[in-house]
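Letter by letter, the chains look like this.
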Amino acid sequence: MTVSPSRRRFLNTTLGVSAMALTATPFITQAGAATATASSAASAADSSDTLTIALGQLAVADQWQDNAAQCSRLIQQAAQQGADLLIMPEAILAADIGDPECVRRSAQPLDGPFMQQMLKATLQVPLTVVFTLYVPADAQRVGNVQVALRQGKIVATYHKLHLYDAFTMQESQSVEPGKTLPPIFDVAGMKVGMVTCYDLRFPEEAKSLALRGAELIVLPAAWVRGPNKERHWETPTLVTARISRQRLAQARKALPVLTNGRFKAPELA
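What counts, and where the lines are drawn
Residues numbered from 1 in each chain as written. Predicted model: local features only at pLDDT ≥ 70, side-chain atom pairs only at ≥ 80, totals over all residues. Heavy atoms only, no water. Helix = DSSP H or I, 4+ residues; strand = E, 2+ residues; numbered from the N terminus. Buried < 20%, exposed > 50% of the residue type's maximum accessible area, 1.4 Å probe, protein only. Contact = heavy atoms within 4.5 Å. Areas by Shrake-Rupley, 256 points an atom, 1.4 Å probe, with all protein chains shown as cover. Arc of directions from axis to C-beta. Core = buried A, V, L, I, M, F, W, Y, C linked by side-chain atoms within 4.5 Å.

Observations concerning the overall build of the chain
Right, on to step 1. Regarding its fold elements, the chain presents eight helices and eleven strands.
Right, on to step 2. When the 269 residues of the chain are sorted by exposure, 49% land in the buried category.
Right, on to step 3. By sequence separation, contacts in the chain at least 24 residues apart represent 73% of the contacts at least 6 residues apart.
Right, on to step 4. When the accessible surface of the chain is totalled, it reaches about 12800 Å², and 54% of it is carbon and sulfur.

Description of helix H5 (residues 113-122)
Right, on to step 1. Here H5 has its buried residues at Phe-114, Met-115, Met-118, Leu-119, Ala-121 and Thr-122. The buried residues of H5 occupy an angular sector of 160° when projected down its axis, which confines them to one face.
Right, on to step 2. Buried residues in H5 make contact with helix H3 (64-80), strand S4 (128-136), strand S5 (142-150) and strand S6 (153-159).

Observations regarding the environment of Gly-178
Right, on to step 1. Among the structural elements, Gly-178 can be located in the loop between strand S7 (175-176) and strand S8 (184-187).
Right, on to step 2. Sequence-distant contacts of Gly-178, that is, excluding residues within four places in its chain, are made with His-159, Lys-160 and Leu-161.

Here's the deal with the environment of Leu-248
Right, on to step 1. One can find Leu-248 in helix H7 (residues 245-254).
Right, on to step 2. Residues Leu-248 and Leu-216, spaced 32 residues apart in sequence, show a C-alpha to C-alpha distance of 9.4 Å.

Some remarks on the nonpolar core
Right, on to step 1. The biggest cluster of nonpolar side chains holds 29 residues, and the ones touching the most others in it are Ile-75, Leu-86, Met-88 and Phe-131.
Right, on to step 2. Every element with two or more residues in this core is listed here: H3, H5, S4 and S5.
Right, on to step 3. Residues within four places of Leu-86 in sequence aside, it is in contact with Ala-54, Leu-55, Gly-56, Leu-74, Ile-75, Ala-78, Leu-127, Thr-128, Val-129, Val-130 and Leu-238.

Considering unusual backbone geometry
Right, on to step 1. The backbone of Gln-151 shows a phi angle near 50°, a positive value even though the residue is not glycine.
Right, on to step 2. With respect to the helices, strands and loops of the structure, Gln-151 is situated in the loop between S5 and S6.
Right, on to step 3. For Cys-197, which is not a glycine, the phi torsion comes out positive at approximately 45°.
Right, on to step 4. Locating Cys-197 in the fold gives a position in the loop between strand S9 (190-194) and helix H6 (203-211).

Next up, the structure:
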């Protein structure tokens with residue numbers, strides 16, 4: 001994939017999105033994998049048994065108005081393609097790798113202008129939209145909050161638990177960690193759980209969601225600069241996949257890790 005210099009600065013830092021789950025639920029890791037899953041799952045089930053998921057990749061700009069316009073276009077495209085669920089990246093409000101204060105300066109409350117525009121964009125479309133944004137927390141830090149929107153309303157929120165204090169990054173310097181387990185919400189009859197980016201490294205969180213009934217776990221993510229990181233975006237800006245409830249039941253029956261497990265259910269410390 002060729003990346004223009006004007007986009008490279010932000011592409012490496014802000015643009016991941018995935019839908020994934022434990023072994024106990026169907027996996028879609030990146031958009032390319034989602035496409036491969038779609039062909040096999042769709043052949044095994046009819047439309048009444050499936051959930052159509054759209055993955056929206058976008059380059060996050062440093063002005064929220066530009067990002068809101070991009071997101072609104074993706075919402076309309078996903079709706080036109082018949083998606084039940086659209087998953088967009090982590091931290092789509094604004095980003096600037098050269099400005100550490102951008103996170104705090106650009107944060108908006110859940111009733112701020114960015115969210116008002118997103119709620120308006122979902123008002124007339126029959127799909128659920130998931131992404132994360134930074135919201136004010138205290139004088140020094142913000143919260144990284146994942147939201148699910150449907151027809152002009154917020155149907156679920158999750159405050160990211162695990163902050164990326166690893167390698168040369170210290171996310172906790174500007175972001176406050178959450179204190180509660182992620183919720184489970186319903187999309188077209190399927191139970192959906194929420195995790196965000198670095199949460200992926202902590203399987204206890206995903207297992208707790210599965211044990212609480214989640215059939216699918218969504219994972220908006222952002223990526224830092226590194227060798228070959230741009231390969232994560234060798235996709236179209238919007239791809240769709242279909243998750244089969246029948247396929248899910250077959251996988252859980254063949255590999256019953258939730259019933260075979262011998263450890264107690266994980267608890268939040």
